[in-house]
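# Structural features, examined
Listed below, chain by chain, are the residues.
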Amino acid sequence: MVREQIAARGITNLRVLEAMGQVPRHEFVPAELRSRAYEDGPLPIGHGQTISQPYIVAFMTEALDPKPTDRVLEIGTGSGYQAAVLSGLVAEVCSIELVEPLARRAETDLRRLGFTHVKVRCGDGHLGWPEAAPFDAIIVTCAPEEVPPALVAQLKAGGRMIIPVGSQWGAQELVLLQRTPAGLEKNAVLPVRFVPMVKGR
Ligand code: SAH
């Protein structure tokens, strides 16, 4: 998977390639789909949600330029796979999932597999995680129509955010934001299709 789907498509960060090679993706997909865990695409994980394509996980992880001392916020825990990949690269991952059974299952799986420095919370990611802010990096794995202001506010100076932005039906772009001394820098880096970021209930 790492060689043919990820390195071959231009992901070069060696720490990211190594982290992708170390996380057992089959542990994060439903039992009946295990044989397809290393395929080149997203897979359903229940509750109408999906685990992202391996290449997209690697691309977003590389875009964050993760450092061993970083604290990272993830919005959209889903299966916990992206959080597991990140946890091998940074000091701490705080991950928020709106759907409670998914949050609970991801937390259980991450603990069982020994990914200890990931904290999972059930809640609405639009609000971020104020008590744990500010973060060195933020990764959003569901698509809002606009970048939520609370997330920008919880990003450290110099910090990076990677987020799919756009409508549920129309075009979405993966946007890389960086908080620089001159202000917020924004670059669209890849057209994508993510599940929508749902407003909290
Ligand atoms: N990162 C995940 C993929 C997640 S799919 C993985 O590695 O498996 C996107 C997830 O975002 C879904 O689980 C969905 O329930 C969640 N989500 C949607 N809207 C949300 C919101 N407002 N706050 C937090 N999570 C949300």
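In this text the structure is predicted, and so the values were computed from the model without any measurement.

Scanning the protein from terminus to terminus reveals 6 helices and 9 strands. Relative to the compact-globule value of 17 Å for 201 residues, the protein shows a C-alpha radius of gyration of 15 Å, a close match. The C-alpha extent of the protein, read off along each of the three principal axes, is 45 × 40 × 35 Å. For the protein, long-range pairs separated by at least 24 residues make up 54% of all intrachain contacts whose partners lie at least 6 apart in sequence. Across the protein, the mean location of the 21 positive side-chain charges is 2 Å away from that of the 22 negative side-chain charges.

Before going further, it helps to examine the pattern of salt bridges. Evaluated as defined, the whole model comprises 12 salt bridges. When the shortest N-O distance is used, the salt bridge between Asp40 and Arg9 registers 2.5 Å. In this pair, Asp40 is assigned in the loop between helix H2 (14–22) and strand E1 (43–46) and Arg9 in the loop between helix H1 (2–6) and H2, connecting sequence segments 31 residues apart. Residue class for Arg9 comes out partly exposed when judged on its relative accessible area of 38%. Linking Arg112 and Glu27 is a salt bridge whose minimum nitrogen-to-oxygen distance equals 3.2 Å.

Read from one edge of the open sheet, 7 strands run E5-E4-E3-E6-E7-E8-E9, paired in mixed fashion. Of all the strands in the sheet, the pair left with one neighbour each is strand E5 (118–122) and strand E9 (183–192). Ignoring which end each strand starts from, the neighbouring axes of this sheet average 15° apart. Direction of pairing for strand E3 (residues 71–75) relative to strand E4 (residues 92–97): parallel, over a ladder of 5 bridges. By the bridge assignment for E4, Ile75 is matched with Ile96. Sitting on the sheet, helix H3 (residues 54–63) touches strand E6 (135–140), strand E7 (155–166), strand E8 (172–180) and E9, and the angle it makes with E9 is about 165°. Packing against the sheet, helix H5 (residues 100–112) makes contact with E4 and E5, and its axis sits at approximately 165° to E5.

In terms of nonpolar packing, the biggest core is built from 47 residues, with Ile11, Met20, Phe28, Tyr81, Ile162 and Leu174 touching the most fellow members. By residue number, the principal contributor to this core is H3, which donates 7 residues. Of all hydrophobic cores here, the second largest spans 20 residues; its members include Trp129, Leu155, Met161 and Leu177.

It is worth spelling out the site of the ligand at this point. The environment of the ligand is formed by 26 residues, the closest being Ser79, Glu97, Asp124, Gly125 and Val198. Measuring from a nitrogen atom of the ligand, one finds a side-chain N or O atom of Glu74 at 3.1 Å. Notes on the ligand: free accessible area 580 Å², of which the protein chains cover 99%.

By the element assignment, Glu74 lies in strand E3. Although Glu74 is buried, it makes no salt bridge; Arg25 carries the closest opposite charge, 11 Å away. Ignoring sequence-local partners within four residues, the contact set of Glu74 consists of Gln82, Ala83, Cys94, Ser95, Ile96, Ile139 and Thr141.

In this section: the packing of aromatic side chains. In total, this model carries 3 aromatic pairs according to the counting rule given. A centroid spacing of 5.8 Å and a plane angle of 65° characterise the contact between Phe28 and Tyr81, whose relative ring orientation is edge-to-face. A residue pair is termed long-range when its members are at least 10 positions apart, and Phe28 in the loop between H2 and E1 and Tyr81 in helix H4 (residues 81–87) qualify at 53 residues. The residues Phe28 and Tyr81 share a single accessibility class, namely buried. Ring centres of Phe28 and Phe115 lie 6.3 Å apart, and the angle between their planes is 50°; this geometry places the pair in the tilted category. With a gap of 87 residues between them, Phe28 in the loop between H2 and E1 and Phe115 in the loop between H5 and E5 connect regions that are remote in the sequence. Each member of the pair, Phe28 as well as Phe115, carries the same accessibility label: buried. Here a set of aromatic residues connected by ring pairs shows up, and it is made of Phe28, Tyr81 and Phe115. Taking the ring centre of Tyr55 as reference, the NZ or CZ of Arg9 above it sits at 5.3 Å. Just above the ring of Tyr81 sits the side chain of Arg25; from NZ or CZ to the centre is 5.0 Å.

Cut-off values and rules
Residues numbered from 1 in each chain as written. Predicted model: local features only at pLDDT ≥ 70, side-chain atom pairs only at ≥ 80, totals over all residues. Heavy atoms only, no water. Helix = DSSP H or I, 4+ residues; strand = E, 2+ residues; numbered from the N terminus. Rg over C-alpha atoms; globule rule 2.2 N^0.38 Å. Contact = heavy atoms within 4.5 Å. Lys, Arg positive; Asp, Glu negative; His and termini not counted. Charge placed at Lys NZ, Arg CZ, Asp CG, Glu CD. Salt bridge = Lys/Arg side-chain N within 4 Å of Asp/Glu carboxyl O. Buried < 20%, exposed > 50% of the residue type's maximum accessible area, 1.4 Å probe, protein only. Pairing = 2+ DSSP bridges. Axes fitted to C-alpha atoms, helices over the stretch in contact; angles between N-to-C directions. Core = buried A, V, L, I, M, F, W, Y, C linked by side-chain atoms within 4.5 Å. Near = heavy atom within 4 Å. Polar contact = N/O pair within 3.5 Å; in protein donor to acceptor, adjacent residues only side chain to side chain. Areas by Shrake-Rupley, 256 points an atom, 1.4 Å probe, with all protein chains shown as cover. Phe/Tyr/Trp six-rings, centres within 6.5 Å; stacked < 30°, edge-to-face > 60°. Lys NZ or Arg CZ within 6 Å of the ring centre and 35° of its normal.

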